Amino acid sequence: MSKISRDDRTIRTERAADVGSSSGAGENKRVVMTNVDNAPMIFADKVPVYGTIGDVVTTTLAAERPVGESISVSATVHLRLTRDAAKVLARSLLEALAMIDRNNFPTDRIN
């Protein structure tokens, strides 16, 4: 379970999935995340590029925006992830999608 502290704006969690370490499988570990207020909020509705460079997973997220009569696609972030971080991100995204499904949110309201 994660908790955001009002005093120091850190996120404290005890979920092993958040640490991304294969050696910690099945163990609860305390993780404290700082710089929460300064981390950028990144929006994306496209994943136009993904692949690998050696053992690093790479992907580019992008967003559409109207430009006159057409649509422009602009890159919003380039991600470079270790194998372990990519697995944790993939699992986290699947769990978040399952939350949406459980709450029966219409897919046309997500964006």
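All of these numbers come straight from a predicted model, not from anything done at the bench. (Residues numbered from 1 in each chain as written. Predicted model: local features only at pLDDT ≥ 70, side-chain atom pairs only at ≥ 80, totals over all residues. Heavy atoms only, no water.)

Trainee: Account for the overall build of the protein, naming residues and giving values.
Mentor: On a plain count of helices and strands, the protein comes out with 1 helix and 6 strands. Secondary structure elements of the protein, listed N to C terminal, follow the sequence β-β-β-β-β-β-α. Counting the 111 residues in the protein, one finds 14% classified as buried. Considering only intrachain contacts with a sequence separation of at least 6, the fraction spanning at least 24 residues in the protein is 19%. Surface accessibility of the protein: about 8,900 Å² in total, with carbon and sulfur atoms responsible for 54%. (Helix = DSSP H or I, 4+ residues; strand = E, 2+ residues; numbered from the N terminus. Buried < 20%, exposed > 50% of the residue type's maximum accessible area, 1.4 Å probe, protein only. Contact = heavy atoms within 4.5 Å. Areas by Shrake-Rupley, 256 points an atom, 1.4 Å probe, with all protein chains shown as cover.)

Trainee: Now, about the environment of F43: what can you tell me, with residues and values included?
Mentor: As for its position among the elements, F43 is in the loop between strand 3 (31–33) and strand 4 (46–53). Remark: the alpha-carbon pair of F43 and A75, spanning 32 residues in sequence, is separated by 9.9 Å. The contacts of F43, once residues within four sequence positions are left out, are A63 and T76.

Trainee: Tell me what's going on with the pattern of salt bridges, and back it up with residues and numbers.
Mentor: Across all of its chains, the model carries 1 salt bridge by this definition. Ionic pairing is found between E64 and K46, a salt bridge with its closest N-O pair at 3.0 Å. Of this pair, E64 sits in strand 5 (residues 56–67) while K46 sits in strand 4, placing them 18 residues apart in sequence. K46 gets classed as partly exposed once you look at its relative accessible area, which sits at 35%. (Salt bridge = Lys/Arg side-chain N within 4 Å of Asp/Glu carboxyl O.)

Trainee: An account of the sheet that holds strand 6 (residues 70–81) is needed here, citing residue identities and associated values.
Mentor: Sheet architecture is open: 3 strands sit in the order 4-5-6, paired in antiparallel fashion. If you trace the sheet from one side to the other, it starts and ends with strand 4 and strand 6, each paired once. Each adjacent strand pair in this sheet contributes to an overall mean axis angle of 20 degrees, direction not counted. Bridge count for strand 4 against strand 5 is 6 bridges, and the pairing is antiparallel. Following the sheet pairing, K46 is matched in strand 5 by A62. Across the sheet, helix 1 (residues 83–102) lies against strand 5 and strand 6, angled at about 125 degrees from strand 6, the strand it touches most. (Pairing = 2+ DSSP bridges. Axes fitted to C-alpha atoms, helices over the stretch in contact; angles between N-to-C directions.)

Trainee: Give a detailed account of unusual backbone geometry, specifying residues and quantitative values.
Mentor: Phi is positive for N35, which is not a glycine, with a value near 65 degrees. Examined against the element boundaries, N35 turns out to sit in the loop between strand 3 and strand 4.

Trainee: Give me the pairing of strand 5: which residues, what numbers.
Mentor: Hairpin connection of strand 4 to strand 5: 2 residues between the antiparallel strands, including G54 at a positive phi of 65 degrees. For strand 5 and strand 6, the ladder comprises 11 bridges, and the chain directions are antiparallel. What sits directly across from L61, in strand 6, is V77. Between the antiparallel neighbours strand 5 and strand 6 lie 2 residues, among them G68 with a positive phi of about 60 degrees.

Trainee: Residues and numbers for the side chain of T60, please.
Mentor: Of note, T60 is situated in strand 5. Among the polar contacts listed, one links the side chain of T60 to the side chain of H78, at a separation of 3.0 Å. (Polar contact = N/O pair within 3.5 Å; in protein donor to acceptor, adjacent residues only side chain to side chain.)

Trainee: Can you explain helix 1? Please cite residues and give values.
Mentor: Here helix 1 spans 29 Å end to end across 20 residues, near enough to the 28 Å set by a 1.5 Å rise per residue. A positive phi of about 55 degrees marks N104, the residue just after helix 1. (Expected span 1.5 Å × (residues − 1).)

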